[in-house]
Amino acid sequence: MYTQALNATDSQIQPVEDMSQAAAFQARIDAEERIEANDWMPETYRRTLARQISQHAHSEIVGMLPEGNWITRAPSLRRKAALLAKVQDECGHGLYLYAAAETLGISREQFFGQLLSGNAKYSSIFNYPATTWADIGAIGWLVDGAAIMNQIPLCRCSYGPYARAMIRVCKEESFHQRQGFEIMVTLSRGTGEQKAMAQDALNRWWWPCLMMFGPPDTVSEHSDASMAWKIKRFSNDELRQKFVDATVPQAQHLGLMLPDPDLRFDEASGHWLYGEIDWNEFKQVLAGNGPCNRDRLAARRKAHAEGAWVRDAAAAHALKQMRAAV
Amino acid sequence: MMENKMMPLWEVFIRSRNGLAHKHVGSLHATDSKMAVQAARDVYTRRGEGLSIWVVPSAAIVASDPSDKAMMFEPAESKVYRHPTFYEVPDEIGHM
Ligand SMILES: [Fe+2]
Ligand SMILES: [Fe+2]
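The shown structure was predicted, so the numbers you read here are calculated from the model rather than taken from an experiment. (Residues numbered from 1 in each chain as written. Chains lettered and ligands numbered in written order. Predicted model: local features only at pLDDT ≥ 70, side-chain atom pairs only at ≥ 80, totals over all residues. Heavy atoms only, no water.)

Some points on the confidence of the model for chain B
Residues and elements named next belong to chain B.
- Per-residue pLDDT for chain B has a mean of 89; in total, 95% of the residues score no lower than 70.
- Per-element averaging of pLDDT across chain B places helix α2 (residues 69-78) at the bottom with 81 and strand β3 (residues 52-57) at the top with 97.
- Two numbers describe this predicted complex: its pTM, 0.91, and its ipTM, 0.84. (pLDDT = per-residue confidence, 0-100. Helix = DSSP H or I, 4+ residues; strand = E, 2+ residues; numbered from the N terminus.)

What follows is the structure, encoded as structure tokens:
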């Protein structure tokens with residue numbers, strides 16, 4: 001995963017640019033041409049992408065924390081190996097995405113700095129705790145499931161390096177979702193207690209997962225520019241609806257209840273209609289007041305600080321090798 | 001402290017099968033070539049994607065300037081006589 005609609009277009013003042021260049025750029029986008037790193041691009045396009053891709057990268061990295069917490073407590077070696085491989089994939093996703101973001105002229109160190117200082121956002125979903133083993137099932141099934149919905153259209157994003165990174169990421173996501181769903185199947189066919197655990201996890205993750213797609217289209221600012229630039233291909237609500245439609249039958253198969261009394265199938269539109277999302281909760285989590293925001297940042301800062309000697313030692317070793325070679 | 005020194009960027013190329021050329025797959029940061037190869041193995045070949053890895057310091061790559069695109073590649077567009085279809089071969093001859 002895990003981009004969400006933190007991907008609002010950057011609204012800073014548009015610098016004066018050659019209008020004919022801007023028109024030529026838009027014409028390339030309209031012709032479905034991919035933009036590459038050294039091509040001319042409007043400053044707002046560059047800034048919007050740098051922010052979106054780096055926030056996406058931060059989300060992959062922070063996203064390792066809730067699941068990493070369960071690696072040593074997985075119930076079997078099979079589950080442990082799978083979870084370890086999944087978390088390793090997420091780390092790789094972070095790397096692909098930082099590399100794509102760097103092509104826009106900002107260094108990975110600068111992006112790290114933005115995350116560690118608390119200035120950069122990352123997906124709201126990772127500010128919720130994974131309190132039981134069933135949460136690992138729910139995360140894979142729902143969080144990675146929502147991520148897939150978001151990420152598939154990004155494989156056709158107008159910016160080449162981002163699109164290519166997303167193709168790699170999407171190839172790896174399917175295993176994440178399937179391993180999560182398998183955990184949910186096992187629990188929901190298990191003892192009463194296990195089934196209750198699965199239901200409890202679904203109850204807690206469902207609404208935050210719907211929030212992953214970002215604010216409703218009626219209030220989502222600036223997404224028009226991202227659409228025109230073909231960074232975004234579907235609106236937040238369109239993607240959210242696709243996710244709900246895909247997930248309801250899966251929950252039914254599990255014999256679990258989605259925690260939404262208003263959920264109903266609408267014959268006319270062929271969609272599952274869902275109840276009111278608590279957007280105030282979403283705002284609070286994005287503003288830093290979710291259940292785990294402080295923990296997550298503290299864990300990243302600690303890991304970064306404790307890894308400093310490793311980076312220093314590697315750099316010193318490289319320098320020594322270089323001098324020896326002269 | 002070396003904390004401010006940035007880790008160099010490397011471009012990674014993978015040969016997916018013998019008989020195929022190495023293909024660019026992405027980039028990564030590493031302090032030296034050995035670390036770059038190991039990291040490339042970990043990041044880009046976790047599912048049997050390759051049999052051979054090349055890493056090249058990104059700084060060593062010389063690229064053409066995209067704004068010279070028209071001038072650089074125009075000859076390839078205008079010289080139609082470089083293509084076999086430019087030449088007429090009588091129908092009776094068949095495939096040539
Ligand atoms: Fe991911
Ligand atoms: Fe994932």
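Remarks on the packing of helix α4 (residues 77-102) of chain A against helix α5 (residues 108-116) of chain A
Residue and element names in this part refer to chain A.
- Packing of α4 against α5 leaves a shortest axis separation of 9 Å and a crossing angle of 115°. With respect to each other, α4 and α5 are oriented roughly perpendicular. As for the relative orientation of α4 and α5, their crossing is right-handed in sense. On α5, the residues touching Y98, A101 and E102 of α4 are R108, F111, F112 and L115.
- A per-class count over the contact of α4 with α5 returns five nonpolar, no polar and two charged. (Axes fitted to C-alpha atoms, helices over the stretch in contact; angles between N-to-C directions. Parallel < 35°, antiparallel > 145°, perpendicular 65-115°, else oblique. Left-handed = near helix turned anticlockwise from the far one by under 90°. Contact = heavy atoms within 4.5 Å. Nonpolar A, V, L, I, M, F, W, Y, C, P; charged D, E, K, R; others polar.)

Focus: helix α10 (residues 236-254) of chain A
Residue and element names in this part refer to chain A.
- The terminal C-alpha atoms of α10 lie 27 Å apart, and with 19 residues this matches the ideal 27 Å at 1.5 Å per residue to within 8%.
- The largest bend in α10 is about 25°, located at T247, with the proline P249 one to four residues further on.
- Among all positions of α10, only N236, L239, R240, Q241, F243, V244, D245, T247, V248, A251 and L254 are buried.
- On its buried side, α10 packs onto α6 (133-154), α7 (160-188), α8 (192-211), β2 (271-273) and α11 (279-289).
- Of the residues trailing α10, G255 is marked for its positive phi of about 75°. (Expected span 1.5 Å × (residues − 1). Bend = angle between axes of the 7 residues up to and from the residue. Buried < 20%, exposed > 50% of the residue type's maximum accessible area, 1.4 Å probe, protein only.)

Looking at the nonpolar core
Residues and elements named next belong to chain A.
- Judged by nonpolar contacts, the single largest core of 93 residues is most densely connected at Y45 and Y159.
- Among the elements that line this core, the one with the most residues is α7, at eleven residues.
- Beyond its immediate stretch of four places on either side in the chain, Y45 contacts F25, I29, I35, S158, Y159, W229 and I231. (Core = buried A, V, L, I, M, F, W, Y, C linked by side-chain atoms within 4.5 Å.)

Remarks on the coordination of the iron ion (ligand 2)
Residue and element names in this part refer to chain A.
- In this structure, E90 (OE), D144 (OD), E173 (OE) and H176 (ND1) serve as the protein donors to the iron ion (ligand 2), at separations of 2.0 to 2.2 Å.
- Taken together, the four donor atoms surrounding the iron ion (ligand 2) define angles of 83 to 167° at the centre, an arrangement classified as irregular.
- Site description for the iron ion (ligand 2): donor spacing in sequence, E-x53-D-x28-E-x2-H.
- A separation of 3.4 Å is found between the iron ion (ligand 2) and the iron ion (ligand 1), both of which receive a donor from E90. In this pair, D144 sits in helix α6 while E173 sits in helix α7, placing the two residues 29 residues apart along the sequence.
- Its relative accessible area of 0% is what places D144 among the buried residues.
- You can call E173 buried: its relative accessible area is 0%. (Donors = N, O, S within 2.8 Å, 3.2 Å for Na, K, Ca; no water. Tetrahedral: all angles 85-135°; square planar, octahedral: opposite > 155°, others 65-115°.)

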